[in-house]
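The chain contents come next:
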Amino acid sequence: RRVLFRSENPAFDTIVASGPNTAFPHARPTERVVGSGDLVLLDFGGVLEGYCVDLTRMASAGRVGAEAESLYRAVRQALEAGVAAVQPGQLTSDVDGAARGVLERQQLGSAFVHGLGHGLGLDVHEAPRVGPGSPAEAVRLESGMVVTIEPGAYVAGLGGVRLEDDVLVTDTGREVLTTAPLDLVLV
């Protein structure tokens, strides 16, 4: 039996959003009932041996439409590009740019309204910030740092998709610490 997520305490309040509410990166609970074909965003984290975990996955209530499926694929490609860019010596702005470029090439640049990620450790949000900006604002990644890579695309009326992994910078590259499947889970 494989354990996908284990924690001693929550790291932050879980975000669960569905349908059009997924278009808000930090959606709050509403009375809205999940409908057939809705995207469902799950952003959750925990604390294990004092260190925080932070991940986001997507599900759907039945089959989603072609637009939502395309949005999911674009964000997954952005996640993969962002993770692949993590390595010691890399500027955080360049890691952001790798993921952001994927979304921009698919005309979703304006739908990515936040930075790519953040440091993760004893607190859920730590330095360095992994986001756009000038090289003067950027930080060079160092072996031993843990960062989140969490691209998102948010489209009013359709919804949003965000995927997030926790990534350790190693001496020679990276190690993805989150092992939960990335597939769009059909419920």
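What you see is a predicted model; the values in this text were computed from it and never measured. (Residues numbered from 1 in each chain as written. Predicted model: local features only at pLDDT ≥ 70, side-chain atom pairs only at ≥ 80, totals over all residues. Heavy atoms only, no water.)

Draft legend 1. Broad picture of the overall build of the chain. Within the chain, the secondary structure is distributed over two helices and 12 strands. Secondary structure elements of the chain, listed N to C terminal, follow the sequence β-β-β-β-α-α-β-β-β-β-β-β-β-β. Seen through its C-alpha atoms, the chain measures out along the principal axes to roughly 45 × 40 × 30 Å. In the chain, which comprises 187 residues, the proportion classed as buried is 50%. Contacts spanning at least 24 positions in sequence make up 65% of the contacts within the chain whose residues lie at least 6 apart. Carbon and sulfur atoms make up 52% of the accessible area of the chain, which totals about 9,400 Å². Each charge class in the chain was averaged separately, 15 positive and 24 negative side chains, and the resulting centres sit 6 Å apart. (Helix = DSSP H or I, 4+ residues; strand = E, 2+ residues; numbered from the N terminus. Buried < 20%, exposed > 50% of the residue type's maximum accessible area, 1.4 Å probe, protein only. Contact = heavy atoms within 4.5 Å. Areas by Shrake-Rupley, 256 points an atom, 1.4 Å probe, with all protein chains shown as cover. Lys, Arg positive; Asp, Glu negative; His and termini not counted. Charge placed at Lys NZ, Arg CZ, Asp CG, Glu CD.)

Draft legend 2. Expanded view of the environment of leucine 55. Mapped onto the elements of the fold, leucine 55 is located in strand E4 (residues 51-61). Separated by 22 residues in the primary sequence, leucine 55 and valine 33 place their C-alpha atoms 24 Å from one another.

Draft legend 3. Layout of the packing of aromatic side chains. All told, the structure shown has zero aromatic pairs when counted by the stated rule. The ring centre of phenylalanine 112 lies 4.0 Å from the NZ or CZ of arginine 100, which sits over that ring. (Phe/Tyr/Trp six-rings, centres within 6.5 Å; stacked < 30°, edge-to-face > 60°. Lys NZ or Arg CZ within 6 Å of the ring centre and 35° of its normal.)

Draft legend 4. Spatial organisation of the packing of helix H1 (residues 66-85) against helix H2 (residues 92-105). At a minimum axis separation of 8 Å, H1 and H2 run at an interaxial angle of 155°. Judged by the inter-axis angle, H1 sits roughly antiparallel to H2. Crossing hand, H1 versus H2: right-handed. Here Ala74, Val75, Gln77, Ala78, Ala81, Gly82 and Ala85 of H1 lie close against H2, whose contacting residues are Val95, Ala98, Ala99, Val102 and Leu103. (Axes fitted to C-alpha atoms, helices over the stretch in contact; angles between N-to-C directions. Parallel < 35°, antiparallel > 145°, perpendicular 65-115°, else oblique. Left-handed = near helix turned anticlockwise from the far one by under 90°.)

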